[in-house]
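# Coordinate inspection notes
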Amino acid sequence: MEITQQIYNRLKTWLHILLRVPFFRTTPFRLTFMYLGVFSSISAIVFGVVYISLVLHLQNLKDTVLLNSAQEYAAIYKQNGLLMLKNGFQREATSQGTDRAFFQLFSANGNTLASSDMSQWQSSDELTPDKSLSESNQPIFHLIRLHKKTSENEHNHGSNFRLISMTIDSGDVIQIGQSIELEESTLNEYQEIFSIALVIMVACGGFFGFFLARKAMMGVKRVTDTATSIGRNDLGIRVPLSDQGNDINELAQAFNGMLERIEILLGEFQQVTDNVAHELRTPITRIRGIAETTLKGNDDLGEYKEMAASIIDGCDDLIEMISTMLEIAKTDSGSVELQLVPLDLNDLIEEAVDLFAPMAEDKGITIQFKTSLSPMHQVMVNGDRRRLQRVISNLLDNAIKYTPYGGMVTLTTGMNGQYAAVMVTDTGTGIDHHDIPHIFERFYRADKSRSTAGSGLGLSLAESIVNAHHGRISVESSAQGSIFTLSLPLKHASQLNS
Ligand code: ADP
């Protein structure tokens, strides 16, 4: 028990030492090792099954021959008597070889009545017929081992014999033994051939298996090499694709796609960081300028108060800009939970119109609210009231801001299939066609809007909020003015979707 434990511990230590060698930890080696393990086990099972079937088959053949022979001698004994039987035994033993076959006849009480030449064999208890045999008419087959008579110094391995013992009508027992040397050598040959074949197959299988596993892993190595060679500034590197359309190629393509998205995201991140830095610098420089001028001026309390008020305004603008940026980031990433309630868009618009009426009046702008539906018809959506109010306010604020004195801003509600639609139309300055693709980007402001106050974040926030509601926002513009269209899933449609 202790020795087994020691061997087990020794093996475990060796395995640990072996696994420290990097080569033995590689996937191709492990794959080959596992594959060879499975392959050898299956081969051993197949060999075992074939071997057992072969043993049974050879044994059956032998038993049939022995039975036929025993029946033949029983007939001779019955018809021609003991003498003919004895002669038959002698003849057959001589023709087969007395070291390969023997024949005996026993009386019911175990005395030998006739026998072929048994002089070369040592006597054996196994040759004495069993007492129970006389009671059964069934022949009995045995496997026995006989040893030759030798001088003391000679080594004697002995030979294996298949033995049939059969009781015949007279009550006597016929016993025939035949050497199974031939069958044994057939089986040994089979074992040898199989062992050699297994060694060759394992060697070839191991070699080619390792070669194929290594080849299959080359693609993964390409991805690993590319991943390790990517530094801070060389995100442009891609895994080279092979011309075979295999799954490693798919992995390489997926990896390249991921790199591409990371590159775009980092680019956007860089852009946003640059924009934020730039947009923050301007108001902070302005605030600093005000403070500096006041400091250099007279120590007039009025001027200080004016400076404090300007600084508060500047800081408010900054706080507003930073919270809008955070709101956009949170809405885009989906980390805000929308407070969805059933809303009538007509109500939201009426509230916004009331809110912006004074501002429009100051600019001599007329705001009108139209609906393409019957006046009593509600335009219901499932929405976050505060956030949708903000979207409509931003659109209305822009429409008034970018429409000159005396213009007109029209808000229209309607339905478009499964969507509720709100259109904000103005008779303002319009947006240049090269600015249109960019106006929803963060901090983007068209050049001609620079004279008007604004942060360039209003439309970005509007788009984020609308996207979070699974809606769309779009713009059409000409020199006569702009139309912003907002589409949101109708309440029953969004209920179906949810
Ligand atoms: P801003 O604070 O500059 O208004 P927005 O994100 O709300 O930022 O708008 C981005 C830009 O889109 C504006 O700077 C302006 O150039 C353009 N824009 C938005 N609405 C209108 C409009 N109704 N008429 C003309 N230009 C508009």
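Refer to the structure above for everything that follows.
Quick caveat: nothing in here was measured; it's all calculated off a predicted structure.

### Structural notes on the overall build of the protein
Each helix and strand counted, the protein has 9 helices and 12 strands in total. Relative to the globule expectation of 23 Å for 498 residues, the C-alpha radius of gyration of the protein, 51 Å, shows a markedly less compact shape. When its C-alpha atoms are laid out on the principal axes, the protein stretches across 150 × 60 × 45 Å. By residue count, 33% of the 498 residues in the protein fall in the buried class. The contacts of the protein with a sequence gap of at least 6 include a subset with a gap of at least 24, amounting to 65%. Per element, the accessible surface of the protein, about 30800 Å² overall, is 58% carbon and sulfur. Here the protein contributes 41 positive and 57 negative side-chain charges, whose respective centroids are spaced 4 Å apart.

### Regarding the sheet that holds strand E12 (residues 481-489)
The strand order E7-E9-E10-E12-E11 describes an open sheet built from 5 strands, whose pairing is mixed. Strand pairing shows two members of the sheet lacking a second neighbour, strand E7 (366-371) and strand E11 (472-478), which therefore form its edges. On average, each strand axis in the sheet is inclined to that of its neighbour by 15°, with strand direction left out of account. Two elements, E7 and strand E9 (residues 408-416), share 6 bridges in a ladder whose sense is parallel. If you follow Lys370 over to E9, its bridge partner there is Thr412. Against the sheet, helix H6 (residues 345-362) touches E7, E9, strand E10 (419-426) and E12, its axis set at about 170° to E7.

### Remarks on helix H2 (residues 27-96)
For H2, built from 70 residues, the straight-helix expectation of 104 Å at 1.5 Å per residue is missed by more than 12%, its first-to-last C-alpha distance being only 61 Å. The sharpest bend along H2 reaches about 135° and sits at Asn80.

### Some words on unusual backbone geometry
Even without glycine at this site, Phe443 takes up a positive phi of about 70°. For Phe443, the position within the fold is in the loop between E10 and helix H8 (458-468). The phi dihedral of His470 is positive, around 60°, even though this residue is not glycine. Structurally, His470 can be placed in the loop between H8 and E11.

### Observations concerning the pairing of E12
Note on strand geometry: in a regular strand, side chains alternate between the two faces of the sheet. Among the 9 residues of E12, 8 are classified as buried, and the element is accordingly described as predominantly covered. Where E10 lies against E12, 7 bridges are found, and the strand directions are antiparallel. Following the sheet pairing, Val422 is matched in E12 by Leu486. Once E11 ends, the chain turns through 2 residues before running back antiparallel as E12.

### Regarding a negative patch on the surface
Together, Asp299, Asp300, Glu303 and Glu306 give the surface a local cluster of negative charge. Looking at the element boundaries, Glu303 is found in helix H5 (residues 301-333).

### Some points on the packing of H5 against H8
Closest axis-to-axis distance for the H5/H8 pair is 9 Å, and the angle between their directions is 25°. Between H5 and H8, the angle falls in the class roughly parallel. Once H5 is placed against H8, the crossing between them reads as left-handed. Along its contact with H5, which presents Thr324, Glu327, Ile328, Thr331 and Asp332, the element H8 presents Ser460, Leu461, Ser464, Ile465 and Ala468. Looking at the contact of H5 with H8, its residues break down into 4 nonpolar, 4 polar and 2 charged.

### Digging into the packing of H5 against helix H7 (residues 385-401)
Two packed helices can be described by the angle between their axes and the distance between those axes. Contact geometry of H5 with H7 gives a least axis separation of 14 Å together with a crossing angle of 120°. The crossing of H5 and H7 is left-handed. Here H5 contributes Glu320, Thr324 and Glu327 to the contact with H7, which in turn contributes Arg386, Arg387 and Arg390. Residues of the contact of H5 with H7, tallied by class, amount to no nonpolar, 1 polar and 5 charged.

How each quantity is defined
- Residues numbered from 1 in each chain as written.
- Predicted model: local features only at pLDDT ≥ 70, side-chain atom pairs only at ≥ 80, totals over all residues.
- Heavy atoms only, no water.
- Helix = DSSP H or I, 4+ residues; strand = E, 2+ residues; numbered from the N terminus.
- Rg over C-alpha atoms; globule rule 2.2 N^0.38 Å.
- Buried < 20%, exposed > 50% of the residue type's maximum accessible area, 1.4 Å probe, protein only.
- Contact = heavy atoms within 4.5 Å.
- Areas by Shrake-Rupley, 256 points an atom, 1.4 Å probe, with all protein chains shown as cover.
- Lys, Arg positive; Asp, Glu negative; His and termini not counted.
- Charge placed at Lys NZ, Arg CZ, Asp CG, Glu CD.
- Pairing = 2+ DSSP bridges.
- Axes fitted to C-alpha atoms, helices over the stretch in contact; angles between N-to-C directions.
- Expected span 1.5 Å × (residues − 1).
- Bend = angle between axes of the 7 residues up to and from the residue.
- Patch = residues over 30% accessible without salt bridge, like charges linked within 9 Å, V, L, I, M, F, W, Y side chains within 5 Å.
- Salt bridge = Lys/Arg side-chain N within 4 Å of Asp/Glu carboxyl O.
- Parallel < 35°, antiparallel > 145°, perpendicular 65-115°, else oblique.
- Left-handed = near helix turned anticlockwise from the far one by under 90°.
- Nonpolar A, V, L, I, M, F, W, Y, C, P; charged D, E, K, R; others polar.

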